[in-house]
Amino acid sequence: INTYYRRESENKSTLNLEATVVTRNNFRSDVAVENRERQEIIVPSEGSDKSDLYVFKVWGNCRLWNGSLEIGAEGTRTINKQIYITKNQDMLFLRNTITEVKQNALSTYVSYSKNWKHLSANVGLRHEYVSYDYFLNGEKDVYDDYHNFFPSISVSYRKDKFAVSFSHRTTFIR
């Protein structure tokens, strides 16, 4: 499911909203053959996984001091649950497992850009918050959350066939 809304005012300011929801359910039944010490062992199993993704984004811009100001926010919530069940109880080395991962991410940003005759500039700041929880058989096993700020700036000069620009942007690889 996806929805989008855009509103533009008489002074050319805009407001945009977007939301998406995606869900997925899978079920499987498997049979594996395991050879251990010259003995063939049949391992029937069942598994299921369910995934949910929720996304939103809201942003807008307006004219300010002969430039353009843009402000926005976006967020996601992801939930993934997997269940694995061994149907052969003699298989002590294979255990039934239930894993679940939950992640929330929220980012906000502000950006301002302005153009002059031959010069243009843009400055911005983005903040990101992410929380992550991993559950194994109903118990929280791994968790983390963090905040990061990402500043950016760019300046460009263009006249006739000559152009030069400078930019700096902070990124983070996870």
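These numbers come from a predicted model, not from an experiment.

Novice: Explain the pairing of strand S4 (residues 67-86) to me, please; I cannot follow it from the model alone.
Specialist: In this structure, strand S3 (residues 39-64) lies alongside S4, joined through 20 bridges in antiparallel fashion. Bridge pairing in S4 places Arg63 opposite Ser68. Here S3 hands over to S4 after two residues, with Trp65 in that stretch at a positive phi of 50°. When S4 meets strand S5 (residues 97-115), the two strands line up antiparallel, connected through 18 bridges. Of the residues in S5, the one forming a bridge with Tyr84 is Thr97.

Novice: Honestly, unusual backbone geometry in this entry has me stumped. Any pointers?
Specialist: In terms of backbone geometry, most residues other than glycine have negative phi values and most peptide bonds are trans. One non-glycine residue, Asn137, lies in the positive phi region at around 50°. Along the chain, the position of Asn137 falls in the loop between strand S6 (119-136) and strand S7 (139-159). Phi is positive for Asp160, which is not a glycine, with a value near 55°. As for its position among the elements, Asp160 is in the loop between S7 and strand S8 (162-169). With relative accessibility at 74%, the residue Asp160 sits in the exposed group.

Novice: What should I look at first to understand the pattern of salt bridges in this one?
Specialist: Pairs can form between side chains of opposite charge whenever their charged atoms are close. Overall, the coordinates contain eight salt bridges when judged by the stated rule. Here the salt bridges do not stand alone but share partners, grouping Arg6, Glu8 and Lys12 into one network.

Novice: Would you explain the environment of Ser165 in this entry?
Specialist: Assignment of secondary structure puts Ser165 in strand S8. Distance in space between the C-alpha atoms of Ser165 and Ser154 is 7.2 Å, their sequence separation being 11 residues. Beyond its immediate stretch of four places on either side in the chain, Ser165 contacts Val155 and Ser156.

Novice: Help me out: how do you make sense of the packing of aromatic side chains in this one?
Specialist: Where two aromatic rings form a pair, the distance of their centres and the angle of their planes describe that pair. Taken as a whole and judged by the stated rule, the model has three aromatic pairs. Seen in terms of ring centroids, Tyr4 and Trp59 are 6.3 Å apart; in terms of plane orientation they differ by 45°. Their pairing is tilted. Here Tyr4, found in strand S1 (residues 2-8), pairs with Trp59, found in strand S3; they are 55 residues apart in sequence, far enough to count as distant. Seen from the ring of Trp59, Lys57 lies directly overhead, with NZ or CZ sitting 4.7 Å from the centre. A cation sits over an aromatic face here: Lys140 above Tyr143, 5.5 Å from the ring centre.

Novice: Looking at this model, I keep getting lost on the side chain of Asp49. Mind explaining?
Specialist: Among the secondary structure elements, Asp49 is positioned in strand S3. Under the relative-accessibility criterion, Asp49 is labelled buried at 10%. A distance of 2.9 Å separates the side chain of Asp49 from the side chain of Arg24, its partner in a polar contact. Separated by 3.5 Å, the side chains of Asp49 and Arg28 make a polar contact.

How each quantity is defined
Residues numbered from 1 in each chain as written. Predicted model: local features only at pLDDT ≥ 70, side-chain atom pairs only at ≥ 80, totals over all residues. Heavy atoms only, no water. Pairing = 2+ DSSP bridges. Helix = DSSP H or I, 4+ residues; strand = E, 2+ residues; numbered from the N terminus. Buried < 20%, exposed > 50% of the residue type's maximum accessible area, 1.4 Å probe, protein only. Salt bridge = Lys/Arg side-chain N within 4 Å of Asp/Glu carboxyl O. Contact = heavy atoms within 4.5 Å. Phe/Tyr/Trp six-rings, centres within 6.5 Å; stacked < 30°, edge-to-face > 60°. Lys NZ or Arg CZ within 6 Å of the ring centre and 35° of its normal. Polar contact = N/O pair within 3.5 Å; in protein donor to acceptor, adjacent residues only side chain to side chain.

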